Amino acid sequence: MSTQVILGQLLVGLINGSFYAMMSLGLAIIFGLLGIANIAQGAFYMMGAFFSWMLLRWAGIGYFPALILVPLAVGLIGMAIERLLLRRIYRLDHMYGLLLTFGILTFIQGLFVWLFATAGRPYPVPAELRGGFDLGFMFLPAYRAWVVAASLTFCLATWLIIEKTPLGRTLRAATENPNLTRAFGVNVPALMTFGFGVGVALAGAAGLLAAPIYSVSPLMGGDLVIVVFAVVVIGGLGSILGSIVTSLALGLLEGLARVVYPQGANMVIFVIMIAVLLVRPAGLFGRER
Amino acid sequence: MAEDAALQIDDLHGFYGESHILHGLSLAVGKGEAVAIIGRNGAGKTTTMRAIMGLLERRSGSIKVKGKETIASPPEAIARLGVGFVPEERGIYASLDVADNLLLPPKLADGGASLDEIYRLFPNLRERRRSQGTRLSGGEQQMLAIARVLRTGADVFLLDEPTEGLAPVIVEQICTVIDGMKKKGHTVLLVEQNFHVASQLADRHYVMEHGRIVDVIARSELTAKLDRIRALLGI
């Protein structure tokens, strides 16, 4: 087996890991702040891809403006959903959040299937990012390198905002003790709306990055979210940085499995999940609640 | 007092889930006054503080802060009227370091202490400003909890058991700070188990029992009523 094959699969793994990272980072922010395991994250990813396609197809707005417009639009839709639906169930058991967001996922997917049918639609790689680099031992397509760099930038920027800014300080405080934070005059309910918006905007941005690689289809998010949930269970929801690291590591591991034992590649993350659950139920970076 | 009361509570009922804790409590704290609520464990003192702050699931009656009705207000709106809350459990954030704990509460009004003034008042906090908030000693955590609200420009302070479980020398330091609040003309409502501390700081004492105020004792009456107070507090 050639190094080229291994490196090729590792690259695919790194790209998948980048998508996992953006998705699970969003999930971690949302779970921390709202206490909701947002299954609908997959729908926001799909909407991100579809909005990019619509912008290009219907308005002629290309990839780079979409990089700002799409997360913004997905975030705003998320904030509206938080205000209208999620807000009503914060006092209830976590299970209700899971059920409600599953319902939202199914509804949004159903809506897009009804409007666009399930066939995939291609989204072209933007002209600036076509071609690639010959590294000698392998060919690295420019767009794939861009996806890894862009998603790491999104993740790192989010991490910096949370760890190093006054807004992040308030977010961390509201995550740890929402009631006390309100008693200091912080509008925590508004912050929760904002946090949900940011969390789903990350999924929307991931959808845009994915659009030129996978075809844009209403069901693209439902499959991904199942894997991402396994990633999140493995990493634990305790740590922002932990969810990024876990995502990339698991993406790579999945790529490696595709070389060594292709038949089991789709299973490997779930097998690891079971093992982690047996040994460390709170996840690798999680804290027991 | 109705016009210039910093805090005016009438017929307050408060609940935790199904249990009815506050049974028609009424009290008033004048602007610039320091008032202590004393009473046995379980009398409802902490619940009263949480009710004023809007942190109870269910409450009814009337709570006016600086003349404004807040019974239906969320905690953040109550805080923005200029209320600084120091909770019984201190509420230091583990996910923030000491400096971030201090900087977290948003500024509510002008006239709060600067970070420099706070570090001068509590040199320990300056030394440990990069430590995780919950790594501090109990006394330091209490100082942090008080220092945190001094910065915001609040002028009505709710202090829930600020000296509980602390060494005498730290209790003295905290009393000095509370005395400083009084001298600045701030309003202080204090829950205090340590009657020595309460009697030193408060202009008046409300005695609480079973979720109601059962007696009011002015500072001048303390010596005369000492036996009754001992009986009420079980000390």
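Above this note sits the structure.
Residues numbered from 1 in each chain as written. Chains lettered and ligands numbered in written order. Predicted model: local features only at pLDDT ≥ 70, side-chain atom pairs only at ≥ 80, totals over all residues.

### A look at the overall build of chain B
- Broken down by element type, chain B carries 9 helices and 10 strands.
- In terms of C-alpha radius of gyration, chain B reaches 17 Å, essentially the compact-globule figure of 18 Å for 235 residues.
- For chain B, the spread of C-alpha atoms along the principal axes amounts to about 45 × 40 × 35 Å.
- For chain B, with 235 residues in total, the buried portion stands at 46%. (Helix = DSSP H or I, 4+ residues; strand = E, 2+ residues; numbered from the N terminus. Rg over C-alpha atoms; globule rule 2.2 N^0.38 Å. Buried ≥ 20, exposed ≤ 12 C-beta atoms within 10 Å, placed from the backbone.)

### Comments concerning the overall build of chain A
- Across its full length, chain A holds 11 helices and 2 strands.
- For the C-alpha atoms alone, the extent of chain A along its principal axes is close to 60 × 50 × 35 Å.
- In chain A, which comprises 289 residues, the proportion classed as buried is 48%.
- Look at the contacts in chain A between residues 6 or more apart in sequence, and 79% of them connect residues 24 or more apart. (Contact = placed C-beta atoms within 7 Å.)

### A look at the interface of chain B and chain A
- On the chain A side, the residues contacting the 20 residues of chain B number 15 residues.
- The set of elements that each furnish at least two residues to the side of chain B that touches chain A consists of α2 (75-80) and α3 (98-103) of chain B.
- Considering each element in turn, the side of chain B that touches chain A owes the most residues, 4 residues, to α2(B).
- In terms of residue class, the side of chain B that touches chain A is made up of 15 nonpolar, 2 polar and 3 charged. (Nonpolar A, V, L, I, M, F, W, Y, C, P; charged D, E, K, R; others polar.)

### Let's talk about the sheet that holds strand β1 (residues 5-16) of chain B
Residues and elements named next belong to chain B.
- Strand order across the open sheet formed by 4 strands is β2-β1-β4-β5, with antiparallel pairing between neighbours. This sheet does not close on itself; its edge strands, each paired only once, are β2 (19-30) and β5 (68-69).
- The pairing of β1 with β2 spans 9 bridges and is antiparallel. The partner of Tyr 16 across the bridge, within β2, is Ser 19.
- Packed onto the sheet, helix α1 (residues 45-52) meets β1, β2 and β4 (58-65) and runs at close to 70° relative to β2. (Pairing = 2+ DSSP bridges. Axes fitted to C-alpha atoms, helices over the stretch in contact; angles between N-to-C directions.)

### Describing the nonpolar core
- Ranked by internal contacts, the top residues of the largest apolar core, which has 154 residues, are A:Met22, A:Met23, A:Ala49, A:Ala206, A:Val228, B:Leu158 and B:Leu190.
- Ignoring any residue separated from it by four or fewer positions in sequence, one finds B:Leu158 in contact with B:Met49, B:Ile52, B:Met53, B:Val83, B:Phe85, B:Val86 and B:Leu189. (Core = buried A, V, L, I, M, F, W, Y, C linked by C-beta atoms within 7 Å.)

### Things to note about the sheet that holds strand β6 (residues 83-86) of chain B
Residues and elements named next belong to chain B.
- Reading across from one edge, β6-β7-β8-β3-β9-β10 is the order of the 6 strands in this open sheet, with mixed pairing throughout. Every other strand in the sheet has two partners, leaving β6 and β10 (212-218) as the edge strands with one partner each. Averaged over all pairs of adjacent strands, the angle between their axes in this sheet comes to 15°, without regard to strand direction.
- Where strand β9 (residues 204-209) lies against β10, 6 bridges are found, and the strand directions are antiparallel. Directly across from His 205, in β10, lies its bridge partner Ile 217.
- Against the sheet, helix α6 (residues 138-150) contacts β6 and β7 (156-160), and its axis sits at roughly 170° relative to β6.

### A look at the environment of B:Phe85
- Mapping B:Phe85 onto the fold places it in strand β6.
- In this structure B:Phe85 comes out as buried when scored by C-beta crowding, with 28 C-beta atoms within 10 Å.
- In this structure, the C-alpha to C-alpha distance between B:Phe85 and B:Met208, residues 123 residues apart in sequence, is 20 Å.
- Apart from residues no more than four positions distant in its own chain, B:Phe85 is found in contact with A:Ala183, B:Met53, B:Val149 and B:Leu158.

### A look at unusual backbone geometry
- Positive phi outside glycine occurs at A:Ala117, with the angle close to 60°.
- Note on A:Ala117: 10 C-beta atoms within 10 Å, which makes it exposed.
- Not every positive phi belongs to a glycine, and B:His210 is a case in point at roughly 50°.
- Relative to the elements of secondary structure, B:His210 occurs in the loop between β9 and β10.

### Regarding helix α3 (residues 63-84) of chain A
All names here are of chain A.
- Along its 22 residues, α3 runs 31 Å from first to last C-alpha, staying within 8% of the 32 Å computed at 1.5 Å per residue.
- At Leu 69, α3 shows its maximal bend, which comes to roughly 30°, and the proline Pro 71 appears one to four places after that position.
- If you check which residues of α3 are buried, you get Tyr 63, Ala 66, Val 70, Pro 71, Val 74, Gly 75, Gly 78, Met 79, Ile 81 and Glu 82.
- For α3, the secondary structure elements touched by its buried residues are α2 (41-59), α4 (94-116) and α8 (188-210). (Expected span 1.5 Å × (residues − 1). Bend = angle between axes of the 7 residues up to and from the residue.)

Function-wise, these values are silent; they only describe arrangement.
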